[in-house]
Amino acid sequence: MTPLSSAINTFSLPFGEQRNAPLYGQDILSVNQFNREDLTYIYRVAHEMRSIVERIGSFDLLNGKILANLFYEPSTRTSSSFTAAMERLGGSVIPINNVQYSSVSKGESLPDTVRTLECYADVIVLRHPEVGSCALAAQYAKKPIINAGDGIGEHPTQALLDLFTIFEELGNPEGLSVTLLGDLKNGRTVHSLARLLALFNVKLNYVSPEVLKMPEEIVAELGKKKVKQEAFSELDGILPETDVLYVTRVQKERFASLEEYEQLKDLYVITPETMKAAKQRMIVMHPLPRVGEISMDVDDDPRAAYFRQMEYGMYTRMALLAMVLGKA
Ligand code: NCD
């Protein structure tokens, strides 16, 4: 070994990395990789992140670490909350939010793009329109890949922050009645959340039109785990017993026909009138963006948790980054 490469090797063993820590060096591809013990750990760290941010704003736990944000689909919250999370921990970010200006537009494949970015970064956050794309990227990358949405597949970090929101707002989800409403067919956030909630004894209510139903394979997967599930076409009947109302947008970009989208998009709208029939302790969640499913008149209702949910997202992503990079 030359003196230079031995010096590099010494440097590449960073101080304080806990190699046996949970999630260290791991990809985050699906919520199915987590058990309740993992969740307890992640949320303990997320809690700590919250109290540190509230006290001092940021600190340098991930000083010198670099995250690559690689987004092949639009994003406001996921991409900026990962950026904020990384920067609040003292790390930095390579933002590739407009792949049309990167070598992707020259025809570069996903495996080559991730193998490029991992030369510069320690972790890659990837959003892509195809189901399974993050798993494919992870096969090629040596550095951890975090799935920030693979088409209509999964959005595991969103589900982790959604469940953190439920814990923070209502406590342990055991026994809760959780109603998922809207585009359950194409919404990746509800696919991940339903799977994650299967770790608890909850009742899942699916409210959607027939054509936007929760996919059969997810219903069957949860059925095997003995999760209580029921499908509805209207919200009215199930609203009074609902503890968490999780509203989603009809996913316009997944429709072949704009006409079909137009017919479905305003089927359910939550208004102050809707809220009158809801429990006093219910929370309304939404992964956002909303495009009319929740009237802005609901925003001042203390049960509207969707803005708080975004903030919980940053703490959850701080925890995940610290863990994946072996610092928590
Ligand atoms: C969601 C997504 O991209 O799946 N947004 C988000 O990450 N918060 C939900 C959506 O786009 O409807």
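Chains are numbered independently. Their residues run from 1 in the order of the written sequence. Side-chain atom pairs in this predicted model are given and counted only at pLDDT of 80 or more, local residue features only at pLDDT of at least 70, and totals for whole chains, interfaces and linings cover all residues. The basis for every side-chain value is the complete set of heavy atoms in the structure, and neither hydrogens nor water enter the calculation.

**Q** What's the story with the packing of aromatic side chains in this structure? I'm lost.
**A** Given two aromatic rings, one states the distance between the centres and the angle between the planes to describe the pair. Ring pairs are drawn from Phe, Tyr and Trp, using the six-membered ring of Trp, whenever the two centres fall within 6.5 Å, and their geometry is named by plane angle: stacked under 30 degrees, edge-to-face over 60, tilted for the rest. Across all of its chains, the model carries six aromatic pairs by this definition. For the ring pair Phe-164 and Tyr-312, a centre distance of 5.8 Å and an interplane angle of 85° mean the geometry is edge-to-face. Note that Phe-164 is positioned in helix 6 (residues 156-170) and Tyr-312 in helix 11 (residues 306-324), a separation of 148 residues in sequence. Here a set of aromatic residues connected by ring pairs shows up, and it is made of Tyr-43, Phe-164, Phe-167, Phe-200 and Tyr-312. Labels follow the DSSP assignment, with helices taken as runs of H or I lasting at least four residues and strands as runs of E lasting at least two, numbered in each case from the N terminus.

**Q** Where do I start with the environment of Tyr-261 in this structure?
**A** Relative to the assigned elements, Tyr-261 resides in helix 9 (residues 258-264). In sequence terms Tyr-261 and Gln-251 are 10 residues apart; their C-alpha atoms lie 8.2 Å from each other. With sequence-adjacent residues up to four places away left out, Tyr-261 is seen in contact with Val-250, Lys-252, Phe-255 and Val-291. In what follows, residue pairs with any heavy atoms lying within 4.5 Å of each other are defined as contacts.

**Q** Any chance you could explain the sheet that holds strand 8 (residues 244-247) here in plain terms?
**A** Two orientations exist for strands paired in a sheet by backbone hydrogen bonds: parallel and antiparallel. DSSP-based pairing: two strands are paired if at least 2 bridges between them are found. Taking strand neighbours across the sheet as the criterion, the five strands line up as 7-6-5-8-9 in an open arrangement whose pairing is parallel. Only two strands of the sheet have a single neighbouring strand rather than two, namely strand 7 (228-232) and strand 9 (283-285). Strand-to-strand twist in this sheet, taken as the mean axis angle between neighbours without regard to direction, amounts to 20°. One ladder, built from five bridges, connects strand 5 (residues 177-181) with strand 6 (residues 203-207); its direction is parallel. Bridge pairing links Val-178 to Leu-204 in strand 6. Across the sheet, helix 6 lies against strand 8 and strand 9, angled at about 165° from strand 9, the strand it touches most. Running at roughly 165° to strand 5, helix 7 (residues 188-197) makes contact with strand 5, strand 6 and strand 8 of the sheet. Lines are fitted to the C-alpha atoms to define the axes, a helix being fitted only along its stretch in contact, and any angle between axes, read from their N-to-C directions, falls within 0 to 180 degrees.

**Q** What's the story with the sheet that holds strand 4 (residues 145-150) in this structure? I'm lost.
**A** In space, the four strands of this open sheet follow the order 2-1-3-4, with parallel pairing throughout. A strand with exactly one partner marks an edge of an open sheet, and here the two such strands are strand 2 (92-96) and strand 4. Pairwise comparison of adjacent strand axes, ignoring direction, gives a mean angle of 15° for this sheet. Strand direction decides the pairing type here: strand 1 (residues 66-71) and strand 2, joined by five bridges, are parallel. Paired with Leu-70 across the strands is Ile-96, a residue of strand 2.

**Q** Where do I start with helix 7 in this structure?
**A** An α-helical segment advances 3.6 residues per turn. Residues three or four places apart therefore align on the same side. Relative accessibility thresholds used throughout: buried, under 20% of the residue-type maximum; exposed, over 50%; partly exposed, between the two (1.4 Å probe, protein chains only). Of all 10 residues in helix 7, 10 are buried, a share of seventy percent or more. Looking at helix 7, one finds that the buried residues are Arg-188, Thr-189, Val-190, His-191, Ser-192, Leu-193, Ala-194, Arg-195, Leu-196 and Leu-197.

**Q** Where do I start with the domain arrangement of the protein chain in this structure?
**A** Marked domain ranges trace back to an automatic or database domain assignment. Split into domains, the protein chain comes out as domain 1 (3-155 + 313-324) and domain 2 (156-310). The distance between the C-alpha centroids of domain 1 and domain 2 comes to 26 Å. Between domain 1 and domain 2, the contact holds 35 residues from the first and 30 residues from the second. Throughout this description, a polar contact denotes any pair of N or O atoms lying within 3.5 Å of each other; where both atoms belong to protein, one of them has to be capable of donating a hydrogen while the other can accept it, and for residues adjacent in sequence the pair is counted only when both atoms sit in side chains. For the pair domain 1 and domain 2, the interface holds 22 residue pairs in polar contact (both at pLDDT 80 or more). Per-class residue counts for the side of domain 1 that touches domain 2 are 15 nonpolar, 12 polar and eight charged. For this classification, the nonpolar set comprises Ala, Val, Leu, Ile, Met, Phe, Trp, Tyr, Cys and Pro, the charged set comprises Asp, Glu, Lys and Arg, and every other residue, Gly included, is treated as polar.

**Q** When you look at the site of the ligand in this model, what are you seeing that I'm missing?
**A** Proximity is defined per residue: any heavy atom of the residue falling within 4 Å of a molecule or strand makes that residue near it. Neighbouring residues of the ligand: Thr-78, Arg-127, His-155, Gln-158, Arg-188, Thr-189, Arg-249, Gln-251, Pro-287, Leu-288 and Pro-289. Within the side chain of Gln-251, a nitrogen or oxygen atom sits 2.8 Å from an oxygen atom of the ligand. Starting from 320 Å² of accessible surface for the ligand in isolation, the protein chains cover 94%. Grouping the amino acids of the shell around the ligand by side-chain chemistry returns three nonpolar, five polar and three charged. When residues are assigned to domains, the shell around the ligand turns out to be shared by domain 1 (3-155 + 313-324) and domain 2 (156-310), each giving three or more. The protein chains shown are the only cover counted for residues, whose accessible areas, like all others here, come from Shrake-Rupley with a 1.4 Å probe.

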